[in-house]
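Working through the structure, step by step
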Amino acid sequence: MTPLAPFQEPTDDDINPPNDFYMKCEKNPSLFFDDGVRSIDFVLVYKINPQPNVEDQHEEKRHIFEMNLLSEGLEIERACKEKEQIYFVKVHAPLEVLRRYAEILKLRMPMKELTCNVKLLSKYSRLRYAAQYISKKIPGMSVVNRSTSSVFSSLKGLIKFFMRHIYVDERNFPRRAQRFTAIYSRDKEYLFDIRQDNFFTPAVRSRIVQFILDRQRFTPKSKDEMAFGIERMVASNIYCAGYPLHDGEVTEKNTMRHTLYTHWASVRKWYRYQPLDYIKEYFGVKIGLYFAWLGFYTYMLLLASVVGVFCFIYSWSTLKDFEPVKEICGGKKNITMCPLCEWCDFWDLKETCFYAKISYLIDNPSTVFFAVFMSFWATLFLELWKRYSAEITHRWDLTGFDVHEEHPRPQYLAKLQHLPHTRTDYVTNMREPTVPFWRMKLPAAVFSFSMVLLLVALTLVAVLAVVVYRMATMASLMLRKTNPMNTSSAIVLATSSAAFLNLCMLYVLNYVYNRLAEYLTELEMWRTQTQFDDSLTLKMYLLQFVNYYASIFYVAFYKGKFVGRPGAYTLLFDFRQEECSSGGCLTELCIQLAIIMIGKQAFNSILEVIMPMIWRKIGAIRVGLSKLFTPKEHDKHKDTERWVRDLKLLDWGTRSLFPEYLEMVLQYGFVTIFVAAFPLAPLFALLNNILEMRLDAKKLLTHHRRPVSQRVRDIGVWYRILDCIGKLSVITNGFIIAFTSELIPQWVYRHYSPNSSLEGYLDFSLSKFNTSDSNQTRSLSAKYDNLTTCLYADFREPPTSEKRYHFSNIFYLVLACRLCFVVVFENFVALVMIIVRWCIPDMSVGLRDQIRREAYITNEIIIEQETRRARTERAKGSQSIRLPDSESNTPDPNDRFIRIEQLLCSDLSQSQMDLIIHGSSTETGIRGNEV
């Protein structure tokens, strides 16, 4: 065990290096009460109601609520805008309130530091030592070693120079020193420097105040059991808003908001890594973790984009040598095709020359490789994210955070207020009411499940409506009297317009789903906010999944697969089903994907820029601040208080990250599930995300109030959704390649072809039909001379065969090969995914060793503080140290220090370290009951 260095009292710079954020908080007077000492941790705003009887009721509720805040120990100061009749209630949390609730919420706080240094050994040190030893023993190796080292040093210097402009700019975001933390306890307060400035950061202070505001009543308990919480009061217009303050304007220098806006939210900084530690410090863990995930996902898309572009370039370069395209576009003979619909005419296959080329760019041998690669990429992305998430979890002190320690939702407790407390929580040791299963839980679950099924059915009806629209549009384009379109052009135009109509319907249904999903989740009586958010997320994603992907699944797996043949088409509701063009449905699937994916991303980006400005102006007019300054008039209103400026901003809300996650996860589905039909999807996703990341940051800093910090351990249920999408993508891509593309029939033809080429494949893939065997073709053929047969895409016997129009042997051979491909493809990809998961551990060896080392150092800090405290108390003679009976015969604290030092040789976990700080679990349970 390494001996401790002599103890020195750390300076303020050692404990918390000064940064622009804290410096600005000390200088800006509008962030403090009138005395200039007490900070403003939260602001409540209300406006006088013009109706006297309503205002009297609101005034009484505000009075009760504010008295309850004062009884909790919070301090209040009022300000007023006389002209607009807007009143501001500034809330400050004194140190005693912060200490009490930091223990209740089990916050991890920085401990006092020692002068001991945490030195992490390089994981390559042994390999380096071995190389040096070999270079000394083998003659001539020293010269090779020196020359190699020189080249390596030059290359390393060049890489460092390049990466210096990619990594976080440490001039604006200095690297933060590593701090050792532990769960705060008032009984062990001597381990923490409680009197240090900014020991409780503004984010922690606002979180504690928000926790108190959410649980205070504003009416007597007998009147309304749900009459509590600032959220309910804002919804009832008793208060206009409640929010913590930004540290300044985005144009005010030496503020963290300005620094983040200039060096993070700027699109010109798109190539820079994100300052995640500062994002987490300013906005909280939940928002910081979202940007960490978004940045990592965007970084991983770079590899998929490069491979996708290479596959596209390969298909483009080999297009001129593709035999079926040459036969369609340069063939000397005319190939007359059977009508594709009931009102369609015969058409020449040469009309589809352009679309056949597009189809080959998607449907070529590189598609199989890219589909296998993307399945590998999806697994690699999730496994590497787990490793990266473990690093963030350790760096942000989330390792010991347990979601089961989360306090119940106020709405949950209010609905069960009339029930006896019959359940003792096994984590918090608090007695809580139990939700009746048969009377409340089961009916709510059944009703919620039924409504979700109804909404899914509604989505399928919308898809059917789009199909009907597409058929009607194609008929109108081909049957119009002036300039009727040919078959191929009508199909493409009808498909494109139907895809755009489908995109518009998506947004309408999204609004309905958002409202209903939140209402249904509230009925299910979830105990904690995490459980509530996870249930809401699953419902919303299921509905959005069906909403966005139903039409794509229809085109990929149903359209054109069960249409029958000319003269004996399969009818659905007495109508002939839609049929794919001669190039197959893969081209239409690509168009559908491109319009929905790219159109959705472009439309969302426009909305993210325009809508916050509109809603911000509407909100300012609603609260009567339309005549106050605008951002362009900043220099004329430098003396305007911070709380007035922030009132004009939009409220962020507790679930505002949900649409951001949903947008990215839906995009992830487009990138993985249907990548075989759209190889450029990763590239468009990469370009969108580079812009999306900076637009989200700019929107959050410019148009929204500062959100209250929320503590989470990971991205929650979104990881499980991403994992399910990755597994589903293996199935969908396998079936798209096997049944939607033409790769399998082409491989079969190559196998039986004498020269192993695709020459003559066109005749192989088409079947003949006698025009006299159908009323439609008989009437149409009367207009043409010598037109006795037409061709259609299928593997059937010719009309001259005994088994005319029955499936041929080639059909069953191709079908068997398709099924074999699906089995081989999915098993091979599943094996690759298993190997990747096995090769990549969830936590790196270096990080595991670092956590052990830091736990060891943290225990040294605890022991040193215990020893110093014992010596100080003995010197003062004020109080003796109480030891257990087994240690009552060892008065020397150094002996106790040695015994505990010996225990440190074994690996102590984080939970064991916390038990050392807190003592017995009984005491912890008593503290938890203070809520």
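Residues numbered from 1 in each chain as written. Predicted model: local features only at pLDDT ≥ 70, side-chain atom pairs only at ≥ 80, totals over all residues. Heavy atoms only, no water.

Looking at an unreviewed UniProt entry, one finds the chain named Anoctamin, with Musca domestica as its source organism.

With that settled, the discussion passes to the side chain of D169. When you line up the elements, D169 lands in the loop between α6 (141-163) and β5 (181-183). Within the local environment of D169, its side chain forms a polar contact with the side chain of R171, the two groups lying 3.0 Å apart. (Helix = DSSP H or I, 4+ residues; strand = E, 2+ residues; numbered from the N terminus. Polar contact = N/O pair within 3.5 Å; in protein donor to acceptor, adjacent residues only side chain to side chain.)

Moving on to the state of the cysteines. By the definition in use, this model includes two disulfides. Each sulfur of the disulfide joining C329 and C353 lies 1.9 Å from the other. Looking down the S-S bond of the C329 and C353 bridge, the torsion is 110°, so its handedness is right-handed. Here C353 lies in helix α13 (residues 353-362) and C329 lies in helix α12 (residues 323-330), a separation of 24 residues in the sequence. The class of C353 is buried, set by a relative accessible area of 17%. Here C338 pairs with C790 through a disulfide, and the sulfurs are 1.9 Å apart. Here C338 and C790 share a disulfide; its torsion about the S-S bond, 85°, makes the bridge right-handed. Residue C338 is located in the loop between β7 (336-337) and β8 (347-348), and its partner C790 is located in strand β16 (residues 789-793); the two are separated by 452 residues in the primary sequence. Of the two residues, C338 and C790, neither departs from the other in class, the shared state being buried. (Disulfide = S-S within 2.5 Å. Buried < 20%, exposed > 50% of the residue type's maximum accessible area, 1.4 Å probe, protein only.)

This paragraph deals with the sheet that holds strand β1 (residues 42-47). The strand order across the open sheet formed by four strands is β2-β3-β1-β6, and the pairing between neighbours is antiparallel. The sheet terminates laterally at β2 (75-81) and β6 (241-243), the two strands that pair on one side only. Going across the sheet, the axis of each strand differs from the next one's by a mean of 20°, ignoring polarity. Where β1 meets strand β3 (residues 86-92), six bridges bridge the pair, whose relative direction is antiparallel. Counted as the bridge partner of L44 is V89 from β3. Against the sheet, helix α7 (residues 202-213) touches β1 and β3, its axis set at about 50° to β1. (Pairing = 2+ DSSP bridges. Axes fitted to C-alpha atoms, helices over the stretch in contact; angles between N-to-C directions. Contact = heavy atoms within 4.5 Å.)

A word on the pattern of salt bridges. Scanning the model with the defined rule gives 32 salt bridges in all. Two residues, K286 and D533, come together in a salt bridge whose shortest N-O distance is 3.9 Å. Of this pair, K286 sits in helix α11 (residues 285-317) while D533 sits in helix α18 (residues 529-557); the two residues are 247 residues apart in sequence, bridging distant segments of the chain. Three or more residues are tied together by salt bridges with common partners; here these are E383, K386, D723, K727, R837 and D842. (Salt bridge = Lys/Arg side-chain N within 4 Å of Asp/Glu carboxyl O.)

With that settled, the discussion passes to unusual backbone geometry. Its identity as a non-glycine residue notwithstanding, N254 has a phi of 65°, on the positive side. By the secondary structure assignment, N254 is in the loop between β6 and α9 (256-263).

Let us now look at the packing of aromatic side chains. For the coordinates displayed, the defined rule picks out 54 aromatic pairs. Ring centres of Y297 and Y668 lie 6.0 Å apart, and the angle between their planes is 65°; on these two criteria the pair is classed as edge-to-face. Pair noted here: Y297 is in helix α11 and Y668 is in helix α21 (residues 657-672), with a separation of 371 residues, a long-range link. According to the relative accessible area criterion, Y297 is buried, its value standing at 0%. Centre to centre, the rings of F821 and F825 are 5.5 Å apart; their planes meet at 25°, and the pair counts as stacked. Of this pair, F821 and F825 both sit in helix α27 (residues 809-839), separated by four residues, roughly a single helical turn. Just as F821 is buried, F825 falls in that class too. Directly above the ring of F211 sits R215, whose terminal nitrogen or CZ lies 3.9 Å from the centroid. If you follow R706 out to its NZ or CZ, it ends over the ring of Y282, 3.9 Å from the centre. (Phe/Tyr/Trp six-rings, centres within 6.5 Å; stacked < 30°, edge-to-face > 60°. Lys NZ or Arg CZ within 6 Å of the ring centre and 35° of its normal.)

Two elements in contact, α21 and helix α22 (residues 681-702), have axes whose closest approach is 11 Å; the angle formed by their N-to-C orientations is 170°. In terms of orientation, α21 lies roughly antiparallel with respect to α22. Each of E660, E663, M664, Q667, F670 and V671 in α21 lies in contact with α22, whose residues at this interface are A681, P682, A685, N688, N689, E692, D696 and K699. Across the contact of α21 with α22, the residue classes break down as six nonpolar, three polar and five charged. (Parallel < 35°, antiparallel > 145°, perpendicular 65-115°, else oblique. Nonpolar A, V, L, I, M, F, W, Y, C, P; charged D, E, K, R; others polar.)

A separate point is α27. Residues that lie three or four places apart on an α-helix share one face, since the helix turns once every 3.6 residues. Between its terminal C-alpha atoms α27 stretches 45 Å, which fits the 45 Å expected from 31 residues at 1.5 Å a residue. Taken together, the buried positions of α27 are V814, R818, F821, V822, F825, V829, M833 and V836. Turning to α27, the residues buried within the fold contact α14 (365-395), α23 (717-740) and α24 (743-752). (Expected span 1.5 Å × (residues − 1).)

A grouping of I606, V609, I610, M613, I614, W615 and I618 is seen on the molecular surface, where their side chains present a nonpolar patch of about 620 Å² in accessible area. When you line up the elements, W615 lands in helix α19 (residues 585-622). Owing to a relative accessible area of 47%, W615 belongs among the partly exposed residues under this scheme. (Patch = residues over 30% accessible without salt bridge, like charges linked within 9 Å, V, L, I, M, F, W, Y side chains within 5 Å. Areas by Shrake-Rupley, 256 points an atom, 1.4 Å probe, with all protein chains shown as cover.)

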